[in-house]
Amino acid sequence: MAHRLLRSRLALALSGALLLSAGSAFSKPPKAGAGGPMVDALSRLTPAQRSEYIQGLRGIEQARSSERLQQLDQAQTCLGQAANPSAVKSCWQSFASASQKTRAEQAQQQQALADRLGLPTGGKKKQ
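Predicted, not measured: the structure shown is a model, and the values here were computed from it.

> What am I meant to see in helix H3 (residues 47-81) here?
The end-to-end C-alpha separation of H3 is 51 Å, in line with the 51 Å expected for 35 residues at 1.5 Å each. Turning to H3, its buried residues number three or more, namely Tyr-53, Gly-56, Ile-60, Arg-64, Gln-71 and Ala-75. Where H3 is buried, its residues contact helix H2 (36-44) and helix H4 (85-117).

So, in structure tokens, the structure goes:
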């Protein structure tokens, strides 16, 4: 019992130290060219603009997650009612189409957010 308590306290202390060291890294702007164009652009934003960017991304992700859960519920209902292979195929195509549409909308929203703050876009390449 005492050994487990000591390990949990040690883990807590270690995670606190890691958080403190990570916090100090955020307070210093990165060296020019050290992290690519997005890091450079983010470092030029004011703290309020950075916060706006993160909140914008958070809102986009929350909306996407909510929509994704709805799509999964609809797919589950559709597949549960599918009586033959063609019905299953139709369910899958509908789900895939909705997912693709959601991803495209998310990309447009992220593009608009980046444009509004003067950030570079197109950082992720399609695989």
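From this point, the narrative continues.
> So what exactly am I meant to see when it comes to the packing of aromatic side chains here?
Working definition: an aromatic ring pair is given by the centre-to-centre distance plus the angle between the planes. Counted under the stated rule, the structure contains one aromatic pair. With a centroid separation of 5.5 Å and an interplanar angle of 40°, the aromatic rings of Trp-92 and Phe-95 are classed as tilted. You can see Trp-92 and its partner Phe-95 sitting in helix H4, three residues apart, about one turn around the helix. With relative accessibility at 12%, the residue Phe-95 sits in the buried group.

> Please explain the pattern of salt bridges as it appears in this structure.
Here the idea is simple: oppositely charged side chains can pair when their charged atoms come close. According to the stated counting rule, one finds two salt bridges in the structure shown. We note a salt bridge from Arg-116 to Glu-52, for which the minimum N-O separation is 3.3 Å. Of this pair, Arg-116 sits in helix H4 while Glu-52 sits in helix H3; the two residues are 64 residues apart in sequence, bridging distant segments of the chain. Here Lys-101 ties to Glu-105 by a salt bridge, and the two come within 3.9 Å at their closest N and O atoms. Note that Lys-101 and Glu-105 are positioned in helix H4 at a spacing of four residues, about one turn of the helix. Using a relative accessible area of 54% as the deciding quantity, one classes Lys-101 as exposed.

> I keep staring at the side chain of Gln-106 and nothing clicks. Help me out?
Here Gln-106 shows up in helix H4. The exposure class assigned to Gln-106 is buried, which follows from its relative accessible area of 11%. Engagement of the side chain of Gln-106 in a polar contact is seen with the side chain of Glu-61, the distance being 2.5 Å. If sequence neighbours within four positions are ignored, Gln-106 has contacts with Ile-60, Glu-61 and Arg-64.

About the thresholds
- Residues numbered from 1 in each chain as written.
- Predicted model: local features only at pLDDT ≥ 70, side-chain atom pairs only at ≥ 80, totals over all residues.
- Heavy atoms only, no water.
- Helix = DSSP H or I, 4+ residues; strand = E, 2+ residues; numbered from the N terminus.
- Expected span 1.5 Å × (residues − 1).
- Buried < 20%, exposed > 50% of the residue type's maximum accessible area, 1.4 Å probe, protein only.
- Contact = heavy atoms within 4.5 Å.
- Phe/Tyr/Trp six-rings, centres within 6.5 Å; stacked < 30°, edge-to-face > 60°.
- Salt bridge = Lys/Arg side-chain N within 4 Å of Asp/Glu carboxyl O.
- Polar contact = N/O pair within 3.5 Å; in protein donor to acceptor, adjacent residues only side chain to side chain.

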